[in-house]
2 protein chains.
Amino acid sequence: MKMAVGVHIIADFYGCPRELLSRVETLKRIFEESARYAGVTLIGARYHQFEPEGATGILLLAESHIAFHTWPEHGLVTLDVYTCGDPKEADNVYEFLIKALKPKRIKFIKLPRGDEIEDIALDFEGVIETEVHMGADSEAG
Amino acid sequence: MKMAVGVHIIADFYGCPRELLSRVETLKRIFEESARYAGVTLIGARYHQFEPEGATGILLLAESHIAFHTWPEHGLVTLDVYTCGDPKEADNVYEFLIKALKPKRIKFIKLPRGDEIEDIALDFEGVIETEVHMGADSEAG
């Protein structure tokens, strides 16, 4: 039986519209909405605007964290969605972000975290797998 | 030539002394010291204490982020060290954290981030590789 304390989605989105990645206010709205959509608990956040464009942010969740860093000049946002508890929560955040950020191409890895302790009550068998999709087109692309 | 915007170290530390993982004040000190040691630029941080023990924190860097979540009852801390620019910076943060948190066992993955755009000036060839060490003893163990 495969156990883990959480699941971590690591994704690099390419080909996103530049105007979505430039200003921290836009990204704050999208990422906080993704947390609300998935029903995770936001307990704090820090954001930073780079000039002339580009932003970075981290959302601290009761369930772990979400992080993003953008390179608007490359249409690139790298994002992390790490949740403990119900692994569907990370999937739901991630699916919201695909729709909101409109990538043309995604590099995606999903990892279990803390999966080598044996006395955790959560059962992730059949739920978490390590997957690598390179150069796949997103549904939103 | 392999290009990337940054390098992301994803590590789960097992067998850490429980007293190092219980209180957020201890962890804040260790993680902020790791950033100073590596010479990265801390631009903000958020921390949270769980009761009766356990903590979570995210450090926003000019170079990307560091994140941790602890399960003292399991001797477990999961950590992320993601830096853009000189990839040695992430290594330096990580090496500091091994010494400070004293894991007996480490699960470690190092990933390039944003490595599919072709017009980035940084050359990570021979520097970043995807490595997976499962069940390896740390030098500090």
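Source: prediction; values computed, not measured.

Digging into the relation of the copies chain B and chain A
These two copies of the chain differ by a rotation about an axis and a displacement along the same axis.
Piece 1. When chain B is fitted to chain A, the best match, at an RMSD of 0.0 Å, comes from turning it 180 degrees and sliding it 0.0 Å along the axis. Accordingly, the operation relating the two chain copies is best matched by a two-fold axis.
Piece 2. By residue overlap, the copies meet face to face through one surface: 100% of the interface positions of chain B are interface positions in chain A.

Some words on the environment of Ala-38 of chain B
Residues and elements named next belong to chain B.
Piece 1. Position of Ala-38 relative to the elements: it lies in helix 2 (residues 24–38).
Piece 2. What makes Ala-38 buried here is its relative accessible area of 12%.
Piece 3. Between the C-alpha atom of Ala-38 and that of His-65, which follows or precedes it by 27 residues, the distance is 13 Å.
Piece 4. Discounting residues that sit within four places of it in the chain, Ala-38 has contacts with Glu-89, Asn-92 and Val-93.

Quick word on the side chain of Asp-12 of chain A
Piece 1. Looking at the secondary structure, you find Asp-12 of chain A in strand 1 (residues 6–14).
Piece 2. Owing to a relative accessible area of 2%, Asp-12 of chain A belongs among the buried residues under this scheme.
Piece 3. Only 2.9 Å separates the side chain of Asp-12 of chain A from the side chain of Arg-113 of chain B, close enough to count as a polar contact.
Piece 4. A distance of 2.7 Å separates a polar side-chain atom of Asp-12 of chain A from the backbone nitrogen of Gly-114 of chain B.
Piece 5. When sequence neighbours within four positions are dropped, the list of residues in contact with Asp-12 of chain A reads Leu-76, Val-77, Thr-78, Arg-105, Ile-106 and Lys-107 of chain A together with Pro-112, Arg-113, Gly-114 and Asp-115 of chain B.

Details of unusual backbone geometry
Residue and element names in this part refer to chain A.
Piece 1. For the peptide bond that leads from Glu-51 to Pro-52, omega is 5 degrees, which places it in the cis range.
Piece 2. Among the structural elements, Pro-52 can be located in the loop between strand 2 (42–49) and strand 3 (55–61).
Piece 3. In the Ramachandran plot, Ser-64 falls in the positive-phi region, its phi being about 135 degrees despite a non-glycine side chain.
Piece 4. Here Ser-64 is to be found in strand 4 (residues 64–71).
Piece 5. A relative accessible area of 3% means that Ser-64 is categorised as buried.

Some details on the packing of aromatic side chains
Piece 1. Counted by the stated rule, this structure contains 10 aromatic pairs over all chains.
Piece 2. Pairing Tyr-47 of chain A with Phe-68 of chain A gives two aromatic rings, centres 6.2 Å apart and planes at 35 degrees, and the pair type is tilted. Within this pair, whereas Tyr-47 of chain A is found in strand 2, its partner Phe-68 of chain A is found in strand 4, the two being separated by 21 residues in sequence.
Piece 3. For Tyr-47 of chain A, a relative accessible area of 21% gives the class partly exposed.
Piece 4. With centroids separated by 4.3 Å and ring planes inclined at 25 degrees, the aromatic side chains of Phe-31 of chain B and Phe-68 of chain B adopt a geometry described as stacked. Taken together, the residues span a long stretch of sequence, with Phe-31 of chain B in helix 2 and Phe-68 of chain B in strand 4 (residues 64–71) at a distance of 37 residues.
Piece 5. The exposure class assigned to Phe-31 of chain B is buried, which follows from its relative accessible area of 0%.
Piece 6. Ring pairing ties together the aromatic residues Phe-13, Tyr-94 and Phe-108 of chain A, which thus form one cluster.
Piece 7. In this arrangement the basic side chain of Arg-105 of chain A is found over the ring face of Tyr-14 of chain A, its NZ or CZ atom lying 4.7 Å from the centre.

How each quantity is defined
Residues numbered from 1 in each chain as written. Chains lettered and ligands numbered in written order. Predicted model: local features only at pLDDT ≥ 70, side-chain atom pairs only at ≥ 80, totals over all residues. Heavy atoms only, no water. Least-squares fit on C-alpha atoms with pLDDT ≥ 70 in both. Contact = heavy atoms within 4.5 Å. Helix = DSSP H or I, 4+ residues; strand = E, 2+ residues; numbered from the N terminus. Buried < 20%, exposed > 50% of the residue type's maximum accessible area, 1.4 Å probe, protein only. Polar contact = N/O pair within 3.5 Å; in protein donor to acceptor, adjacent residues only side chain to side chain. Phe/Tyr/Trp six-rings, centres within 6.5 Å; stacked < 30°, edge-to-face > 60°. Lys NZ or Arg CZ within 6 Å of the ring centre and 35° of its normal.

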